[in-house]
Amino acid sequence: ATVVCDHYGKSLAALIASFQDFQLAEDCLQDAITQAITSWQKTGTPPNPVAWLTLTAQRKAIDHCRRVQVFDAKRSLLISDADTAVEEAEIPDHRLQLIFTCCHPALNLSAQVALTLKTLCGLSTEQIASAYLVQESTMAQRLLRAKKKIRAAGIPYEIPDREHWPQRLKAVQKVVYLIFNEGYRSSSTTKLIHEDLCQEAIFLGKMLATLIPENAE
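Residues numbered from 1 in each chain as written. Predicted model: local features only at pLDDT ≥ 70, side-chain atom pairs only at ≥ 80, totals over all residues. Heavy atoms only, no water.

## Things to note about the nonpolar core
The nonpolar side chains of soluble globular proteins are, as a tendency, buried together.
Then, number 1: In terms of nonpolar packing, the biggest core is built from 57 residues, with Leu96 and Leu117 touching the most fellow members.
Then, number 2: Looking at which element gives the most residues to this core, the answer is helix H3 (residues 22-43), with nine residues.
Then, number 3: Leucine 117 has contacts with Gly122, Leu123, Ile128, Val175, Leu178 and Ile179, leaving out every residue within four places of it along the chain. (Core = buried A, V, L, I, M, F, W, Y, C linked by side-chain atoms within 4.5 Å. Buried < 20%, exposed > 50% of the residue type's maximum accessible area, 1.4 Å probe, protein only. Helix = DSSP H or I, 4+ residues; strand = E, 2+ residues; numbered from the N terminus. Contact = heavy atoms within 4.5 Å.)

## Remarks on unusual backbone geometry
Then, number 1: With a phi angle near 55°, leucine 133 is a residue other than glycine that sits in the positive phi range.
Then, number 2: For leucine 133, the position within the fold is in the loop between helix H9 (125-132) and helix H10 (136-153).

## Focus on a nonpolar patch on the surface
Then, number 1: On the surface, a nonpolar cluster with roughly 280 Å² of combined accessible area is contributed by Phe180, Tyr184 and Ile202.
Then, number 2: Its location among the elements puts phenylalanine 180 in helix H11 (residues 165-184).
Then, number 3: A residue is classified by how much of its surface remains accessible, and phenylalanine 180, at 32% relative accessible area, is partly exposed. (Patch = residues over 30% accessible without salt bridge, like charges linked within 9 Å, V, L, I, M, F, W, Y side chains within 5 Å. Areas by Shrake-Rupley, 256 points an atom, 1.4 Å probe, with all protein chains shown as cover. Salt bridge = Lys/Arg side-chain N within 4 Å of Asp/Glu carboxyl O.)

## Considerations on the packing of aromatic side chains
Then, number 1: Following the criterion strictly, the structure yields three aromatic pairs and no others.
Then, number 2: On the basis of an interplanar angle of 70° and a centroid distance of 5.2 Å, the ring pair of tryptophan 40 and tryptophan 52 is categorised as edge-to-face. In this pair, tryptophan 40 is assigned in helix H3 and tryptophan 52 in helix H4 (residues 49-67), connecting sequence segments 12 residues apart.
Then, number 3: For tryptophan 52, a relative accessible area of 24% corresponds to the partly exposed category. (Phe/Tyr/Trp six-rings, centres within 6.5 Å; stacked < 30°, edge-to-face > 60°.)

Shown next as structure tokens:
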């Protein structure tokens, strides 16, 4: 179960990019994780756990779409090549692309940041609540409301052009800061410093500085 959780964030990010549907991606990944916990105990962890989880979740999404008779509408999304999108985008890193995408100005700043940390960066609801100094149940409700708003308002899942970066940059910077903060002073009781989170935040921060050198912050 621990091995599966380690790859949750990357798998979910890939699925959201493919499906353009937060809830469908989360539901199918949960089903894939349930299958992985059983399968991997028998066969061992596959060489590429992220690819295994993503492919299994994609298959479950196809089955779901067939059941609700919207398969044709989703087909092009499910078979789209995410690598092509990365090559064509102005933002060269896939993870940073998705952070900019999730920080949509239709949501308030707090919701943008919290949802991005939860969905793409692998932080738990408890960790995000700690960063905002609120109860875990309060943060869970905020995340739920944000996802409902995305669905109800039909907020598009699109990588923004450079001209739209300024609207999202403050939230993106906040995301990077909180990733580092959680790594440097972890809310976990078992480990004070998470080097992987610190390194991820430093990498993202350097890339932001390269992409937007005129921004002092």
